[in-house]
Amino acid sequence: MTTTIYVPRDSAALAVGADRVARQIAAEALARNLPVRIVRNGSRGLFWLETLVEVQTPQGRVAYGPVTRADVAGLFDAGFLDGGAHALNLGLTEEIAYLKKQERLTFARMGVTDPVSVADYEAHEGFAGLRRALAMAPADIVQQVLDSGLRGRGGAAFPAGIKWKTVLAAQARQKYIVCNADEGDSGTFSDRMTMEGDPLVLVEGMTIAGIATGATEGYIYVRSEYPHSIATLNEAIRNAEQAGFLGDDILGSGRSFRLIVRKAAGAYVCGEETALLESLEGRRGIVRAKPPLPALQGLFGQPTVINNVITLASGPLILARGADFYKHYGVGRSRGTLPFQLAGNIRHGGLVEKAFGLTLRELLYDFGGGSASGRPIKAVQVGGPLGAYVPESQWDLPLDYEAYAAV
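Thresholds applied
Residues numbered from 1 in each chain as written. Predicted model: local features only at pLDDT ≥ 70, side-chain atom pairs only at ≥ 80, totals over all residues. Heavy atoms only, no water. Core = buried A, V, L, I, M, F, W, Y, C linked by side-chain atoms within 4.5 Å. Buried < 20%, exposed > 50% of the residue type's maximum accessible area, 1.4 Å probe, protein only. Contact = heavy atoms within 4.5 Å. Helix = DSSP H or I, 4+ residues; strand = E, 2+ residues; numbered from the N terminus. Arc of directions from axis to C-beta. Pairing = 2+ DSSP bridges.

Trainee: Report on the nonpolar core, specifying residues and quantitative values.
Mentor: Core analysis: the biggest nonpolar cluster contains 62 residues, and Trp164, Leu202, Met206, Ile220 and Val222 have the highest contact counts within it. Dropping the residues within four chain positions of it, Met206 is found in contact with Ile177, Val178, Cys179, Gly218, Tyr219, Ile220, Phe257, Leu259 and Leu312.

Trainee: Could you give me a rundown of helix α7 (residues 138–148), with the residues and numbers involved?
Mentor: Here α7 has its buried residues at Ile141, Val142, Gln144, Val145 and Ser148. Burial along α7 is one-sided: seen end-on, the buried residues are contained in an arc of 150 degrees. Buried residues along α7 sit against α6 (128–134), α8 (160–169), α10 (199–213), α13 (309–321), α14 (323–327) and β11 (334–335). Within two residues after α7, Gly149 carries a phi angle of roughly 80 degrees, on the positive side.

Trainee: Explain the environment of Leu259 residue by residue, including any values.
Mentor: Tracing the chain through its elements places Leu259 in strand β8 (residues 258–263). With relative accessibility at 7%, the residue Leu259 sits in the buried group. Sequence-wise, Leu259 and Val178 are 81 residues apart; in three dimensions their C-alpha atoms are separated by 9.5 Å. Not counting the four nearest positions on each side in its chain, Leu259 is found in contact with Val203, Met206, Gly218, Tyr219, Ile220, Ile237 and Leu246.

Trainee: Before we move on, can you summarise the pairing of strand β15 (residues 388–391) with the specific residues and values?
Mentor: The pairing of strand β14 (residues 379–382) with β15 spans 4 bridges and is antiparallel. Of the residues in β15, the one forming a bridge with Val380 is Val390. Counting the residues between successive antiparallel strands, the hairpin from β14 to β15 contains 5 residues, one of them, Gly383, with a positive phi of roughly 90 degrees.

Trainee: Describe unusual backbone geometry, naming the residues involved and giving the relevant values.
Mentor: Of note, the amide linkage connecting Gly65 to Pro66 takes the cis form, showing an omega dihedral of -5 degrees. Structurally, the position occupied by Pro66 is in the loop between β4 (60–64) and α3 (72–77). The linkage connecting Pro291 with the following residue, Pro292, adopts the cis geometry, with an omega of 5 degrees. Considering the arrangement of structural elements, one finds Pro292 in the loop between α12 (273–280) and β9 (304–308). Notably, Phe127 is not glycine yet its phi reads approximately 65 degrees, a positive angle. Examined against the element boundaries, Phe127 turns out to sit in the loop between α5 (118–123) and α6. Using a relative accessible area of 0% as the deciding quantity, one classes Phe127 as buried. Phi is positive for Leu251, which is not a glycine, with a value near 50 degrees. Within the secondary structure, Leu251 is located in the loop between α11 (227–242) and β8. Leu251 gets classed as partly exposed once you look at its relative accessible area, which sits at 34%.

The analysis is restricted to geometry; functional conclusions fall outside its scope.
Okay, structure coming up:
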C-alpha cells in the first residue's frame with residue numbers, strides 16, 4: 001500500500017531545506033522498498049515548524065516538524081509512515097492548537113492540497129463559486145460581494161463591491177481586473193503564501209470578478225522577489241485553461257477571461273495602485289493624480305478593478321456559500337476573516353486567519369507564544385512599516401478597522 005507524504009514547496013519551507021528533505025524521504029523509501037507518494041503542498045503557515053512533513057494515516061494526517069534531512073532516517077526507523085512516535089511527532093495536524101483555534105476560510109486549502117492540481121482544488125470546494133457565478137447575472141454577483149461586507153484587504157479597506165459595481169456600470173469595449181501582488185511591506189507574506197500554496201483560488205477569484213464586471217482580461221502584478229510565486233501561478237493558469245476554467249469559453253458558458261502574470265519592477269512605490277498601472281503599461285512607476293479613478297480610467301485608460309490578492313481570493317467562498325455565510329464572521333463593519341501575519345521577535349511566527357474582533361494580546365500570546373527572546377513585549381507594529389506602534393495599553397482593543405482608526 002502506497003503512503004502519501006506531504007512536504008511543502010512554499011518559499012519559507014524551501015529556505016530551510018524542504019527540497020533536501022523531500023529528496024531524502026524519496027531515497028530512504030526506495031532503499032527500504034517502501035512505496036510512497038510525495039505531494040509538494042503549500043505551507044500551513046506554522047513557520048517555526050518548517051519543514052513540516054505530514055503523513056496520511058487511517059486516523060488522518062500526522063505532522064512531524066521541524067524536519068531536516070538528517071532526521072529522515074530516524075523517522076523511518078520510528079515508523080513514521082504509520083504515524084509512529086518520535087520526538088518530532090506533533091500529532092494529528094488538524095489538532096495542533098495553533099491551527100485548530102483558527103477560522104480558515106480564505107486559507108482553507110492551504111497546506112491541504114497540491115497547489116497546482118485542478119482535481120485536488122475541485123475536491124476541496126474549488127470552482128464552486130465560479131460555477132455559481134456563471135449561472136448568475138453580473139449585477140447579482142456584485143450584490144453578493146456588496147452584501148458580504150468584503151472590504152479591500154490591501155490596507156485601505158474600501159468596500160470591494162463598490163469598485164466592482166462602478167466597473168460593471170462603466171461603458172467600455174475592454175475592461176480589466178488587476179491583482180496587486182506587489183507585497184513589499186516587511187513582515188508580510190500572506191499574498192505569497194496564497195500564490196504558492198493555493199494559486200487556483202486567486203485564478204478563480206479574478207475570473208469571478210471578470211464575469212461580474214464584464215472584464216475579459218486580468219493581470220497579476222507579482223513582486224519581483226517572488227520567483228516561486230510567479231512560476232506556481234503560471235503553472236496553475238495553464239492547468240486551469242486546460243481544464244476549461246479559463247479562456248474563451250469558460251465551461252461552455254460563452255464567457256471569456258484570460259490571465260497574464262507580470263513580474264513587478266522592483267520599486268516599493270509600485271505597490272500603490274496607480275503607480276502599479278503605470279508600471280504595467282511599461283512606464284516608470286509614478287503615482288497618478290486622482291481623479292480619474294482607476295475604476296473608470298485605469299489600465300490603458302479603461303475601467304479597471306484593482307484589488308489585492310486576499311480580497312480577490314475571498315470571492316470564491318462568498319459566491320460558493322453566499323454573502324450571509326461570510327458576513328456571519330467579524331464585527332461591526334469589519335466582516336469576514338483576515339490573515340494576521342506574525343513576524344519579528346515572536347516565538348511562533350506565521351499566519352493566523354481569524355475573524356475580525358480578536359485582540360492583539362490573543363494574537364501575541366495565544367498564537368504567537370510570546371517573544372522569542374523571552375523578554376517582555378513592549379510595542380507591536382500593526383499594519384506594516386506604515387502602520388502604528390501599539391503600546392500594551394491598547395492590546396485589548398478588538399482588531400477591526402474602526403477600533404484601530406479611532407486610536
